[in-house]
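Each chain is listed here by its residues.
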Amino acid sequence: MKQLLFSLLAMSSALIGTFVVLKFSEWARKHSILLIGFAAGVMLSIAFVHLLPESVEHNPNAIIYAFVGFLFMFAIQHFIFFHPCHDDHCHVHLGTLSTFGLSLHSFFDGIVISIGFGANAYIGLMTTIAIMLHKLPDGVTITGILMHSNKSIKQIICYSLTVAIFTPIGTLAGLFFSNQIAHLIDSFLAFTAGTFIYLSAADLIPETHKASNKKAGLCLLLGVIIVSFLGHIAH
């Protein structure tokens, strides 16, 4: 079950990102808006630079699935979380929604690892390396968002572990249902891209606009640059 082993390595990469932020938790809480800007950049870059191009290449209807993902997150926020807040309390929902979106992303990453090794060992290894490279900023992203949402250290660890553990869960799903889901993976990736675009545009970026610290915008660009650079290395 080498797929599961490499999936656990990818999971550990995300947790390393979490613990790096927790190591400097005093600074991170004080400057959490910078991490929110960084998180927005990471999510946008993953969506537009990685997920959408990959899915569009193999599925001409990928943009439609991305739009469905966008609307899906809107529906969850509007009808389940009843998102009427218009002021400083909006950040309360950021942690839960972002955990959901990133867990979904982790799940599909796990499936991709499984499918990669199903093709051959080389593709599986390269896929795992690519996923590990972007899992590190994923860990920083979820931790920064949770800190901005005023979660406790215990809650941050639990939420971050939840996001990370969905990678091996996705790998197990890929192992058991590979024939059924392999042809759907591009649709899943596009759907996830839509959820990331919504989280960035509707929640994270508006948070940075409220802040007096204009460096949050630079951190957004930094997130875009880092994820794009890591993607370039992986390929």
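Here goes a summary of the coordinates provided. (Residues numbered from 1 in each chain as written. Predicted model: local features only at pLDDT ≥ 70, side-chain atom pairs only at ≥ 80, totals over all residues. Heavy atoms only, no water.)

Another point: the packing of aromatic side chains. The full count for this structure, using the stated rule, is six aromatic pairs. Judged by centre distance (5.1 Å) and plane angle (35 degrees), the ring pair of phenylalanine 6 and phenylalanine 117 falls under tilted. Pair noted here: phenylalanine 6 is in helix H1 (residues 2-23) and phenylalanine 117 is in helix H5 (residues 94-119), with a separation of 111 residues, a long-range link. For phenylalanine 117, a relative accessible area of 8% translates into the label buried. Aromatic pair phenylalanine 70 and tyrosine 198: ring centres 5.1 Å apart, planes at 80 degrees, arrangement edge-to-face. In this pair, phenylalanine 70 is assigned in helix H4 (residues 62-80) and tyrosine 198 in helix H8 (residues 185-210), connecting sequence segments 128 residues apart. For phenylalanine 70, a relative accessible area of 29% translates into the label partly exposed. A connected cluster of aromatic rings, assembled from ring pairs, spans Phe72, Phe100 and Phe191. (Phe/Tyr/Trp six-rings, centres within 6.5 Å; stacked < 30°, edge-to-face > 60°. Helix = DSSP H or I, 4+ residues; strand = E, 2+ residues; numbered from the N terminus. Buried < 20%, exposed > 50% of the residue type's maximum accessible area, 1.4 Å probe, protein only.)

Let us now look at the side chain of serine 98. As for its position among the elements, serine 98 is in helix H5. Look at serine 98 and you get buried, because its relative accessible area is 1%. With near-sequence residues (within four places) excluded, serine 98 lies in contact with Met43, Ile142, Ile145 and Leu199. (Contact = heavy atoms within 4.5 Å.)

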